[in-house]
Amino acid sequence: MAANAATLAQQGFRSLRHLSPPKLGLFAAASSSLSFSSAHSSSPTSLSGGLRQGVATSVSFNPTGNFEFSIDDDQDTSKAPPPLPPTEGRFEIVIDNDIIKRLDISPVHELMGVEDATDNSSIGTETKDVLERTVGFTINYEREDPLDPRELSEFGDIRLWFVRLDSAYPWLPVALDWRAGELARYAAMLVPHQMSMRLGIVFNPEALELFVMKKVFTVYNWLKHNNVPKPRLKTSDMARMLGFGIGDELFDLIDSK
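Predicted model only: the values in this text are computed from it and were never measured.

Reading guide: rules and limits
- Residues numbered from 1 in each chain as written.
- Predicted model: local features only at pLDDT ≥ 70, side-chain atom pairs only at ≥ 80, totals over all residues.
- Heavy atoms only, no water.
- Helix = DSSP H or I, 4+ residues; strand = E, 2+ residues; numbered from the N terminus.
- Contact = heavy atoms within 4.5 Å.
- Areas by Shrake-Rupley, 256 points an atom, 1.4 Å probe, with all protein chains shown as cover.
- Salt bridge = Lys/Arg side-chain N within 4 Å of Asp/Glu carboxyl O.
- Buried < 20%, exposed > 50% of the residue type's maximum accessible area, 1.4 Å probe, protein only.
- Axes fitted to C-alpha atoms, helices over the stretch in contact; angles between N-to-C directions.
- Parallel < 35°, antiparallel > 145°, perpendicular 65-115°, else oblique.
- Left-handed = near helix turned anticlockwise from the far one by under 90°.
- Nonpolar A, V, L, I, M, F, W, Y, C, P; charged D, E, K, R; others polar.
- Phe/Tyr/Trp six-rings, centres within 6.5 Å; stacked < 30°, edge-to-face > 60°.

Draft legend 1. Region of the structure containing the overall build of the protein. Each helix and strand counted, the protein has nine helices and eight strands in total. In the protein, once contacts between residues fewer than 6 apart in sequence are set aside, the share between residues at least 24 apart is 66%. Working note: accessible area of the protein is about 12,800 Å², and carbon and sulfur atoms make up 52% of it.

See the structure below:
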C-alpha cells in the first residue's frame with residue numbers, strides 16, 4: 001500500500017521540462033526587471049531582464065543541477081520581454097527598512113482583516129476579493145551603500161522578513177499577482193540560489209522542488225477549507241507558474257486521507 005501511494009505521488013508531481021513555461025516577470029521593484037525567456041531544457045532556463053552596470057541580471061531554474069559557472073562567461077543570452085505591469089486594483093503591501101528590521105507583518109494583518117496570524121486558515125477580507133484582485137509588494141528598501149549592486153533577494157534582512165511572512169501566511173503564494181512576477185519574486189526570497197555573472201540568480205533545483213511541493217499541500221488545503229471553487233486548478237496553475245506540473249493522482253491521494 002505504501003509503495004502504491006509513493007508511486008501515485010511520483011506520478012502526480014512531475015517537472016515540466018518538456019513544456020514551455022508561461023512568460024513570468026520577477027523583479028518589478030528593483031532597478032532591473034526579470035521574466036522567463038525560454039522553456040526548460042538541459043541548459044538553465046533564464047529569466048533575464050534589465051541591465052545594471054553592463055551586466056544582465058536574471059533568475060534561472062537549472063534542472064541539471066550544474067552550478068559550475070564561469071565568472072567571465074560572456075556568452076550571449078536571449079533577452080526576455082520586461083514583466084507585465086501590476087494588475088490594476090490589486091492589494092498592495094508596502095514595506096520599508098523599519099518594517100523589515102522589526103519583522104513587522106502588521107501591514108499584512110491589516111490587509112487580511114485579522115489582528116494577528118494565530119489562525120491563518122480564515123481571513124477577515126473576503127477570500128474571493130483577495131484571489132481575484134491579487135496581492136503585490138512594494139519594497140521601499142534603502143541600501144546602506146547606494147552602490148551596493150545586490151538584488152533585493154540577496155539581502156538577509158529582507159529574506160528574513162519574507163520567512164516570517166511565509167510562516168504566518170503559508171497560503172499567500174496563491175493570492176499573489178502572478179502576471180506581474182510576484183510569485184517568482186516571493187520564491188526567490190525563500191529558495192536558496194547562487195549567482196552567475198551571465199545567468200544571475202540560479203535556483204537550487206531540489207530546493208525549488210521542495211518549496212513548490214510544500215506550497216501545493218498548503219494551498220490546496222487552504223482553498224478547500226475556504227470553499228474556493230476549483231482548488232485543484234488554482235493549485236496546479238500556481239505550480240505551473242514556477243515550472244512544475246501537478247497531476248490529479250496527487251490530489252486524489254491527498255483527498256483520500
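Draft legend 2. Up close: the pattern of salt bridges. Inspection of every chain in the model, using the stated rule, returns twelve salt bridges. Here Asp255 ties to Arg232 by a salt bridge, and the two come within 2.9 Å at their closest N and O atoms. Residue Asp255 is found in helix 9 (residues 248–255), and its partner Arg232 is found in helix 8 (residues 231–241); the two are separated by 23 residues along the sequence. Given the relative accessible area of 24%, Arg232 is considered partly exposed. Linked through salt bridges whose partners overlap, the residues forming this network are Arg90, Glu92, Asp177, Glu182 and Arg185.

Draft legend 3. Structural detail: the packing of helix 7 (residues 205–225) against helix 8. Remark: helix 7 packs on helix 8, axes separated minimally by 9 Å, with the N-to-C direction vectors making an angle of 155°. With respect to each other, helix 7 and helix 8 are oriented roughly antiparallel. Helix 7 and helix 8 meet at a crossing whose hand is right-handed. Contacts between helix 7 and helix 8 involve Val212, Lys215, Val216, Val219, Tyr220, Leu223 and Lys224 from the first element and Pro231, Arg232, Lys234, Thr235, Met238 and Ala239 from the second. The residue inventory of the contact of helix 7 with helix 8, partitioned by class, reads eight nonpolar, one polar and four charged.

Draft legend 4. Inspection of unusual backbone geometry at higher detail. In this structure, Leu103 takes a positive phi of about 50° despite not being glycine. Tracing the backbone through its elements, the reader meets Leu103 in the loop between helix 2 (97–101) and helix 3 (106–112). Accessibility expressed as a relative area gives 31% for Leu103, which makes it partly exposed. Unlike most non-glycine residues, Lys230 shows phi in positive territory, near 50°. Of note, Lys230 is situated in the loop between helix 7 and helix 8.

Draft legend 5. Representation of the packing of aromatic side chains in the model. This structure, assessed with the given rule, holds eight aromatic pairs. On the numbers, 6.3 Å between centres and 90° between planes, the contact of Phe137 with Trp161 is edge-to-face. With Phe137 in strand 5 (residues 135–140) and Trp161 in helix 5 (residues 156–168), this residue pair connects regions lying 24 residues apart in the sequence. Residue classification places Phe137 among the buried positions, given a relative accessible area of 3%. Judged by its relative accessible area of 0%, Trp161 falls in the buried class.

Draft legend 6. Inspection of the packing of helix 8 against helix 9 at higher detail. Running from N to C, helix 8 and helix 9 cross one another at 125°; their axes reach a closest spacing of 11 Å. What the angle tells us is that helix 8 and helix 9 run oblique. Remark: the crossing between helix 8 and helix 9 carries right-handed chirality. On the side of helix 8, the interface is formed by Arg232, Thr235 and Ser236, while helix 9 contributes Asp248, Phe251, Asp252 and Asp255. Residue classes in the contact of helix 8 with helix 9 are distributed as one nonpolar, two polar and four charged.

Draft legend 7. Representation of helix 8 in the model. Where helix 8 is concerned, the buried positions are Pro231, Thr235, Ser236, Met238, Ala239 and Met241. Elements in contact with the buried residues of helix 8: helix 6 (182–190), helix 7, strand 8 (244–246) and helix 9. Just beyond helix 8, the residue with positive phi is Gly243, at close to 95°.

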